[in-house]
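Below are the chains, spelled out letter by letter.
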Amino acid sequence: MAKAMQPQKMRFSQAIQTPMYKNLVNNTLGDPARGARFIANITSAVAVNPELQKCDAGTILAGALLGESLNLQPSPQLGQFYLIPFESKAKYKNGQMIKPASVKAQFVLGYKGYIQLALRTGQYKRLNVLEVKNGELTGWDPFEERFREMHFIEDFEKRASMPTVGYIAHFEYINGFEKTLYWTADQMMAHADKYSPAFSAKAYQMVKSRRTNCGSTPAFGIRILTRCPKRQCCVS
């Protein structure tokens, strides 16, 4: 009986149209037209993600507003930022539940979002990331950030069919400052397995196909951008 009397959770498309949320959006953005566009965009992004629909509406809105403050688009197809559902376990104290379990949306800056913020600074002359195929690079010196030999395979189809052994990223500022970073494929796998809640190295190894670099190149691009001097990559 008690279970039947529990109120049904309001869908995000309904919650975002309530006066409380609409006033919050309009007051935050300061422009009703911008607010209407924002609501339409985030509602569309949530509608295509069943897992995101399970999240608390307030956490979805908070993450989306953060993306809006950076002038980034919420569409997952654009890859500028993502709202990722995370399960929050119930909290207990002295045997009594003080906070029920819930699903919250968390803002995660995407690969293309990092690139957008970097390019807006006007400080970058060159920015690139590339998977490294077997035999292309030898003798990596992490101190000087250089390879002894670099022989990239020019045949695109041949290169695509070869195994990926690592990833190299490089950027250069217009003032001449340069940075190069190289990780082996094993380093990339270990990093993703340790820090990404949505990734499992064991599961990946079970389902991986011939294309072993799927998804890793964007992640490595993010890694080198986080290595740039502070306050240079995050100007909106």
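Look up: the structure comes first, before these words.
Criteria and thresholds
- Residues numbered from 1 in each chain as written.
- Predicted model: local features only at pLDDT ≥ 70, side-chain atom pairs only at ≥ 80, totals over all residues.
- Heavy atoms only, no water.
- Helix = DSSP H or I, 4+ residues; strand = E, 2+ residues; numbered from the N terminus.
- Buried < 20%, exposed > 50% of the residue type's maximum accessible area, 1.4 Å probe, protein only.
- Contact = heavy atoms within 4.5 Å.
- Areas by Shrake-Rupley, 256 points an atom, 1.4 Å probe, with all protein chains shown as cover.
- Arc of directions from axis to C-beta.
- Salt bridge = Lys/Arg side-chain N within 4 Å of Asp/Glu carboxyl O.

Student: Which parts of the structure should I look at to understand the overall build of the protein?
Tutor: When helices and strands are tallied, the protein shows nine helices and nine strands. Burial status across the protein gives 32% buried among its 236 residues. Put simply, 60% of the contacts in the protein that link residues at least 6 apart link residues at least 24 apart. Carbon and sulfur atoms make up 54% of the accessible area of the protein, which amounts to about 15500 Å² in all.

Student: Got a minute to help me understand helix α2 (residues 19-29) in this structure?
Tutor: Given 3.6 residues per helical turn, the α-helix brings residues three or four places apart onto the same face. When α2 is considered as a whole, its buried residues turn out to be Tyr21, Val25 and Leu29. Mapping the buried residues of α2 onto a view down its axis gives an arc of 50°, with all of them on the same face. Residues of α2 that are exposed and point over 90 degrees away from its buried face: Pro19, Met20 and Asn27. At its buried positions, α2 is contacted by α1 (12-15), α3 (32-47) and α4 (57-69). Downstream of α2 by a residue or two, Gly30 has a phi angle that is positive, lying close to 75°.

Student: Teacher, can you tell me more about the pattern of salt bridges here?
Tutor: Two side chains with opposite charge may pair up if their charged atoms get near one another. The final tally for this structure, using the stated rule, is six salt bridges. Between Lys54 and Glu51 there is a salt bridge, with the nearest N and O atoms lying 3.2 Å from each other. Exposure remark for Glu51: the relative accessible area of 43% places this residue in the partly exposed category. Notably, a salt bridge pairs Arg126 with Glu172, separated by 2.4 Å at the nearest N-O pair. One end of the pair, Arg126, is in strand β5 (residues 124-133); the other, Glu172, is in strand β8 (residues 164-173), and 46 residues separate them in sequence. Salt bridges sharing common partners tie together Arg34, Arg37 and Glu68.

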